[in-house]
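If you want the building blocks of each chain, they are given just below.
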Amino acid sequence: MSLPAVDRRTVAALAVAGVAAWPSSARAYCVTETCVSSTCTKEEIAQKKPDCVTSYYRCDPIETCPSTCEWGQNCSEPPNDKPCTHPPEAKWTCSTIRWNRTCMGYAIHDVGSRYFDLDTIRRTVDEAFAAWANVECPGGGKPGFAVQYMGDVSCGDVEYNVRAGNANVFTFRDDRWPHHPKQIALTTQTFSTVDGEVYNADVEMNTACYQLNPAVSLDPESGGEDDGCGLFRRASHDLLAVVTHEMGHFLGLSHTAQPAATMVTSFDGVDEPAFRSLEQDDINGICALFPPAEVDPVACNPIPRHGFSPECGADQVTGCSVGGAPRGGGGGAGWLAALSGAAIAAVARGGRRRGAV
């Protein structure tokens, strides 16, 4: 039996000012939706034929067309008949790309960076996640999610394995940036094309082109034609602000038009520490994705689909992944006890999206 297709798509990239485009009609926080056509077969959807699978930004859900809209409500493009006409007349079924769980784990590539030690990287990522987790939602309560640190891992690749273990990895690209040189950082999510469930999220930091540690200049030996930077090299940006933005993508938010929000499309190097904290637009978005709820960050289960592994898929034994305890600490007995149940998971059709500054 063949496995359904799984691929990836750019969520969003944090870029230097004036680079990345985003939907001009948006007025508030944005998410991305994946839509499948009821006129296509499961096989055609798995193959991601253009007329069968699409995705688009959905912004300002109150004023546009939320997924809970009433039958017959007019929806904006695309698709113009998003499930607001009664089935079976509705052509498209759309779902927000989001985690279908309240507990996620992350890991750090153990090579670290020549500009930051592993402890500094972990403290920065934890502080960025805390900025999102500790806000007060409208109506009271904090967003209903928790994130656990699962240790240092030997795999720094952006990948999602359907036949082996996984990790949501945070990695630095010190020597070469393999993406657009204007991107300061990039988050890649793997998700189900059918229902939008996020399976995996990996974050890459562009330390080949940009100085993210004001105390340490870029290595002069790392420059050259092969670093992928072109003319974009040596500009300084605030590490914690950039990471906080990328954690917003990790959790499911897309770019917003609100210029003061942390999820703004690009950074220009001016007053970037202000983006370490969240604005109301950011808060509204994270509370919509994770409605207020009590989540125990120690007892919850952050094990990825198909199990946790510190190794890349190519280095693992093909077949069922039976992940062991992660290296480097993190987590409590709650998720270790749940490992056997999380190590084997159903394969679903998927896609990938990337988000970047």
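Residues numbered from 1 in each chain as written. Predicted model: local features only at pLDDT ≥ 70, side-chain atom pairs only at ≥ 80, totals over all residues. Heavy atoms only, no water.

Just to check I follow, could you spell out the pattern of salt bridges for this structure?
Close approach of charged atoms allows side chains of opposite charge to pair. Following the criterion strictly, the structure yields six salt bridges and no others. For Arg122, the salt bridge goes to Asp126, with nearest N and O atoms at 3.4 Å. Residue Arg122 and its partner Asp126 are located together in helix α2 (residues 118–133), separated by four residues, close to a single helical turn. Taking relative accessible area as the criterion, Arg122 reaches 29% and is therefore assigned partly exposed. The salt bridge partner of Glu197 is Arg305, with a shortest N-O separation of 3.9 Å. A residue pair is termed long-range when its members are at least 10 positions apart, and Glu197 in the loop between β8 (183–191) and β9 (198–205) and Arg305 in the loop between α4 (280–289) and α5 (333–337) qualify at 108 residues. Accessibility classification places Glu197 together with Arg305 in one group, the buried group. (Salt bridge = Lys/Arg side-chain N within 4 Å of Asp/Glu carboxyl O. Helix = DSSP H or I, 4+ residues; strand = E, 2+ residues; numbered from the N terminus. Buried < 20%, exposed > 50% of the residue type's maximum accessible area, 1.4 Å probe, protein only.)

Just to check I follow, could you spell out the sheet that holds strand β4 (residues 92–96) for this structure?
Within a sheet, adjacent strands bond to each other through the backbone by hydrogen bonds, running parallel or antiparallel. Within the open sheet, the three strands sit side by side as β3-β2-β4. Their pairing is antiparallel. In this open sheet, the two edge strands, each paired with only one partner strand, are β3 (53–59) and β4. Averaged over neighbouring strand pairs, the angle between their axes works out to 30° when direction is ignored. Two elements, strand β2 (residues 30–37) and β3, share seven bridges in a ladder whose sense is antiparallel. Paired with Thr32 across the two strands is Tyr57, which belongs to β3. (Pairing = 2+ DSSP bridges. Axes fitted to C-alpha atoms, helices over the stretch in contact; angles between N-to-C directions.)

Would you mind showing me how to read the state of the cysteines here?
Two cysteines form a disulfide when their sulfur atoms are joined by a covalent bond. If you walk through the whole model with that rule in mind, you get five disulfides. The disulfide bridge from Cys103 ends at Cys300, spanning 2.2 Å between sulfur atoms. On the sign convention where negative is left-handed, the bridge of Cys103 and Cys300, at about 45° about the S-S bond, is right-handed. Here Cys103, found in strand β5 (residues 103–109), pairs with Cys300, found in the loop between α4 and α5; they are 197 residues apart in sequence, far enough to count as distant. Judged by its relative accessible area of 12%, Cys300 falls in the buried class. (Disulfide = S-S within 2.5 Å.)

Help me out: how do you make sense of the packing of aromatic side chains in this one?
Two aromatic rings, taken as a pair, are described by how far apart their centres are and by the angle between their planes. Counted by the stated rule, this structure contains nine aromatic pairs. Considering the side-chain rings of Phe129 and Phe250, the 5.3 Å spacing of their centres and the 80° angle between planes classify their relative orientation as edge-to-face. Taken as a pair, Phe129 in helix α2 and Phe250 in helix α3 (residues 239–251) lie far apart in primary sequence, 121 residues in all. Judged by relative accessible area, Phe250 falls into the buried class, the value being 2%. (Phe/Tyr/Trp six-rings, centres within 6.5 Å; stacked < 30°, edge-to-face > 60°.)

Would you mind showing me how to read α2 here?
An α-helix turns once per 3.6 residues; consequently, residues spaced three or four apart project the same way. In this model, α2 (16 residues) spans 22 Å end to end at C-alpha, consistent with the 22 Å of a helix rising 1.5 Å per residue. Among the residues making up α2, those that are buried are Ile121, Thr124, Val125, Ala128, Phe129, Trp132 and Ala133. Contacts from the buried residues of α2 go to β5, β6 (146–153), β7 (169–172), α3 and α4. The opening residue of α2 is Asp117, an N-cap whose side-chain oxygen sits 3.2 Å from the backbone nitrogen of Asp119. (Expected span 1.5 Å × (residues − 1). Contact = heavy atoms within 4.5 Å. Polar contact = N/O pair within 3.5 Å; in protein donor to acceptor, adjacent residues only side chain to side chain.)

What is the right way to look at α4 in this model?
Most of α4 is tucked away, with seven of its 10 residues classed as buried. Taken together, the buried residues of α4 touch β2, β4, α2 and α3.

It is not clear to me how unusual backbone geometry should be interpreted in this structure. Could you clarify?
Most of the time, phi is negative for any residue but glycine, and the peptide bond is trans. Although it is not a glycine, Lys48 sits at a positive phi angle of roughly 55°. Looking at the secondary structure, you find Lys48 in the loop between α1 (42–46) and β3. Residue Asp271 is not a glycine yet carries a positive backbone phi of 50°. Position of Asp271 among the secondary structure elements: in the loop between β12 (266–267) and α4. A residue is classified by how much of its surface remains accessible, and Asp271, at 55% relative accessible area, is exposed.

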